[in-house]
Every structure is written in C-alpha cells, then in structure tokens.
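# Architecture and fold: a report
Here is how the chains run, residue by residue.
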Amino acid sequence: MNLPEEYINNNLGQLREGGSNQEINKQLFSSNSISESNNLDKVREILFGNQVREVEKRFARLEERLVKEFNDVRDETRKRLDALEIYLKKEVDFLTERLKNEQAERDTAVQTLSEEHRSIAISLEKKFAQFDEQTINSQRDLREQILNQSKSLQDDIRQKYEEILALLQREAQELHRDKTDSSKLAALFTDLAIRLNTQNKS
C-alpha cells in the first residue's frame, strides 16, 4: 500500500530540514499504521458490513425485548410484592387485632377470677369471723349454763341437806321423846332373842 504523495513529500521536507532517521522511521510507521487501519476498516465494511449491521439490529431488538421483558418482570414483581405486602399487612393487622382481643379477654377473665377470689376470701373471712363469734357465744352460753346448773345443783344440795338435817333433827327429837330406859330395852331384847331362838329350833 502506497502513501499519498503529498503526505510523503511533506514528511520528506520535514526530514530534510533536520529530522533524524529514527524520527523519520517513526513517522513513516505511524502513517502506514493509520493507512492500514483505514483500509482494514473499509475491507471489513465491504465484507462484513451487512452482517454486522444485521447482527447489531438483532442485538438491538434482543436488547429491546430483554429490556421490555425485564421491565415487565419488574412491574409484575412489584405488583406481586405490593399485593403480598398488602396481604401481609392485613394478616398482621388481623393477628394484632386478634391478639389484642385475646389479651383483653384474658385480662377480663383474670380480673373476674381475681374478683371472685377476693369475694371468696372475704366470704371465708366473714364465715370464719362468724364461726369464731358463734364459738365464743356458744362457749359463753355453755359456761353460763354450767354455772347456772352448778348454782342450781348447789341450791338443790343445800335444800336436801337442810331437809335431811331437819328430818334428822325431828327424828332425834322423836327418838329422844320415845326413848325408854335400859331395863325395858333389855327385856325387849331378851324377849326378841328368845323368839328368834325358838323359831330357829322349830
């Protein structure tokens, strides 16, 4: 491949003006490389231009389709995620409300049980107090009854004692009036002894 004469003449003029051989070689190599690169591009364009453009079109269409599908998938995913988020939010709200209701029911049940327990405790305390009071009253009544019976028995014993004492006094007075002398008693006992002896023999 030949370089254009104008480019070569310009480069040769510059070289004559005082450039070294090394610089001349560099410039010539650079010019050759540029020219060869341009020529290769032209050859590629001639040989593969249509195919490259067709491939680029296909790549463009594929890219558009991928972008469209990606956008569709992204939109569908966003819709599904939004629907899932709404569903989960509803479920969380439902479970939260249910937990609140159950907690309120448990609190009410606990409060009811606590009130019942308090009522039972108060009732038991009242019954224990009543039982203690009844026991104290019963003991007091029993002591009073025992005391009254004891007094009654003492009065009865005193009365019986006085009656017996009066009877003994009357009997003693009668015995004192009716007593006989010793001779009459001796004769009486002798006669009694003879009768008993006779009855034993018969």
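Thresholds, definitions, all that
Residues numbered from 1 in each chain as written. Predicted model: local features only at pLDDT ≥ 70, side-chain atom pairs only at ≥ 80, totals over all residues. Heavy atoms only, no water. Helix = DSSP H or I, 4+ residues; strand = E, 2+ residues; numbered from the N terminus. Buried < 20%, exposed > 50% of the residue type's maximum accessible area, 1.4 Å probe, protein only. Patch = residues over 30% accessible without salt bridge, like charges linked within 9 Å, V, L, I, M, F, W, Y side chains within 5 Å. Areas by Shrake-Rupley, 256 points an atom, 1.4 Å probe, with all protein chains shown as cover. Salt bridge = Lys/Arg side-chain N within 4 Å of Asp/Glu carboxyl O. pLDDT = per-residue confidence, 0-100. Contact = heavy atoms within 4.5 Å.

### Points about the overall build of the protein chain
- The number of helices and strands found in the protein chain is three helices and zero strands.
- Mapped from its N terminus to its C terminus, the protein chain presents α and β elements in the order α-α-α.
- Counting every position in the protein chain, which comprises 202 residues, the buried fraction comes to 3%.

### Examining a nonpolar patch on the surface
- Residues Val43, Ile46, Leu47, Phe48 and Val52 make up a contiguous nonpolar surface patch of roughly 500 Å² in combined accessible area.
- For valine 43, the location among the structural elements is in helix H2 (residues 21-178).

### Here's the deal with the confidence of the model for the protein chain
- Looking at the protein chain as a whole, the pLDDT averages 77, with 73% of positions reaching at least 70.
- Scored below 50 in pLDDT, residues 1-20 shows 16 contacts in the model against residues more than four places distant or in partner chains.

### Here's the deal with the pattern of salt bridges
- Applying the stated criterion across every chain, the model contains eight salt bridges.
- Two residues, arginine 78 and aspartate 75, come together in a salt bridge whose shortest N-O distance is 3.2 Å. Of this pair, arginine 78 and aspartate 75 both sit in helix H2, three residues apart, which is roughly one turn of that helix.
- A residue is classified by how much of its surface remains accessible, and arginine 78, at 42% relative accessible area, is partly exposed.
- The exposure class assigned to aspartate 75 is partly exposed, which follows from its relative accessible area of 31%.
- One salt bridge in this structure joins arginine 98 and glutamate 102, with 3.3 Å as the shortest N-O distance. Of this pair, arginine 98 and glutamate 102 both sit in helix H2, separated by four residues, roughly a single helical turn.
- A relative accessible area of 46% places arginine 98 in the partly exposed class.
- Looking at glutamate 102, the relative accessible area reads 29%, which means it is partly exposed.

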